[in-house]
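Now for the letters of each chain:
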Amino acid sequence: MTNVFDDPRITAVGLLFEAHAGLSARFNAQLEEHGLSAVEFEVITRLARSPGNQLRMTDLAAQTSLSTSGVTRVVDRMERDGLLTRRACPNDRRSSYAVVTAAGMQRLNETLPGHLQMIEQWFTGQLGPEALAALLDGLRRVRDAAHPCATAGSDDVSPEQVAATDNATRRH
């Protein structure tokens, strides 16, 4: 009789969870040294990687594992800490943008060197170039199937379009 737990699908998900748990524990300790939680780091990194260092709050929620109210609470806290600010959406009064401040970019820039070193030591450095490329391809396919909104808003507008919209809005 075949043991269902020998199924490679169970092994694949188990290995993914184990790797995530191990990496998260290591990353969380390093992030705490810089006064950031894992969620705050995810939020500020997603914003910094987006055009104009900003995303609509709804897109930020879609990209993270947070609900819209969860994103609101995190952004409120980070805004109090001076890491983010909110900006009204010129095209939709019901929506607002979360934007990284200069202090937020400074905190991220202070955090990233150690974080990248840990990524290299415990994750990407464990794989050769071909294995890493295959893993990235596979993770993108799984992400796109399981979490299709993970990149919501990240390519809606360029920083130049944001600036042009802001300038046009100010004139009216």
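Residues numbered from 1 in each chain as written. Predicted model: local features only at pLDDT ≥ 70, side-chain atom pairs only at ≥ 80, totals over all residues. Heavy atoms only, no water.

- Per an unreviewed UniProt entry, the protein chain goes by the name MarR family transcriptional regulator and belongs to Micromonospora arida.

**Description of the packing of helix α1 (residues 8-32) against helix α5 (residues 102-122)**
Phase 1: Where α1 meets α5, the axes come as close as 10 Å, and the angle between the chain directions of the two elements is 160°. Between α1 and α5, the interaxial angle falls into the category roughly antiparallel. The two elements α1 and α5 meet at a crossing, and its hand is right-handed. On α5, the residues touching Leu23, Arg26, Phe27, Gln30 and Leu31 of α1 are Thr111, Gly114, His115, Met118, Ile119 and Trp122. (Axes fitted to C-alpha atoms, helices over the stretch in contact; angles between N-to-C directions. Helix = DSSP H or I, 4+ residues; strand = E, 2+ residues; numbered from the N terminus. Parallel < 35°, antiparallel > 145°, perpendicular 65-115°, else oblique. Left-handed = near helix turned anticlockwise from the far one by under 90°. Contact = heavy atoms within 4.5 Å.)

**Some details on the pairing of strand β3 (residues 96-100)**
Remark: a regular strand shows side chains that alternate across the two faces of the sheet.
Phase 1: Extensive coverage of β3 is indicated by the burial of 4 of its 5 residues.
Phase 2: Inspection of the sheet shows strand β1 (residues 54-56) paired to β3 by 3 bridges, in the antiparallel sense. Pairing of glutamine 54 across the sheet is with valine 99, part of β3. (Buried < 20%, exposed > 50% of the residue type's maximum accessible area, 1.4 Å probe, protein only. Pairing = 2+ DSSP bridges.)

**Quick notes on the packing of helix α2 (residues 38-48) against helix α4 (residues 68-80)**
Phase 1: At a closest axis distance of 11 Å, the pairing of α2 and α4 adopts a crossing angle of 85°. Classified by the interaxial angle, the pair formed by α2 and α4 is roughly perpendicular. Of the residues in α4, those touching α2 at Val39, Glu40, Val43 and Ile44 are Val74, Arg77 and Met78.
Phase 2: For the contact of α2 with α4, the class distribution of residues is 5 nonpolar, no polar and 2 charged. (Nonpolar A, V, L, I, M, F, W, Y, C, P; charged D, E, K, R; others polar.)

**Some points on unusual backbone geometry**
For residues besides glycine, phi is generally negative; the peptide bonds are generally trans as well.
Phase 1: Residues other than glycine seldom take positive phi values, yet asparagine 53 does so here, at roughly 55°.
Phase 2: Looking at the element boundaries, asparagine 53 is found in the loop between α2 and β1.

**Things to note about α5**
Along an α-helix, residues three or four apart share an orientation, since each turn contains 3.6 residues.
Phase 1: Taking 1.5 Å per residue as the helical rise, α5 with its 21 residues ought to reach 30 Å, and the 30 Å between its terminal C-alpha atoms agrees with that figure.
Phase 2: Leucine 112 marks the point of greatest bend in α5, at about 35°, and the proline proline 113 comes within the next four residues.
Phase 3: Looking at α5, one finds that the buried residues are Gly104, Leu108, Thr111, His115 and Met118.
Phase 4: Against the buried residues of α5 lie α1, α2 and β3. (Expected span 1.5 Å × (residues − 1). Bend = angle between axes of the 7 residues up to and from the residue.)

**Quick notes on the pattern of salt bridges**
Opposite charge on two side chains makes pairing possible when the charged atoms of those side chains draw close.
Phase 1: Applying the stated criterion across every chain yields a total of 9 salt bridges.
Phase 2: One salt bridge connects arginine 46 with glutamate 42, and the closest N-O pair in it is separated by 3.1 Å. Taken as a pair, arginine 46 and glutamate 42 lie in helix α2 at a separation of 4 residues, close to a single helical turn.
Phase 3: Note on arginine 46: relative accessible area 25%, which makes it partly exposed.
Phase 4: Of the charged contacts in the structure, one is a salt bridge between arginine 141 and aspartate 137, with a shortest N-O distance of 2.7 Å. Of this pair, arginine 141 and aspartate 137 both sit in helix α6 (residues 129-146), 4 residues apart, which is roughly one turn of the helix.
Phase 5: Taking the relative accessible area as the measure of exposure, aspartate 137 reaches 39% and is therefore partly exposed.
Phase 6: Residues joined by salt bridges that share partners form a network here, namely Asp76, Glu79 and Arg86. (Salt bridge = Lys/Arg side-chain N within 4 Å of Asp/Glu carboxyl O.)

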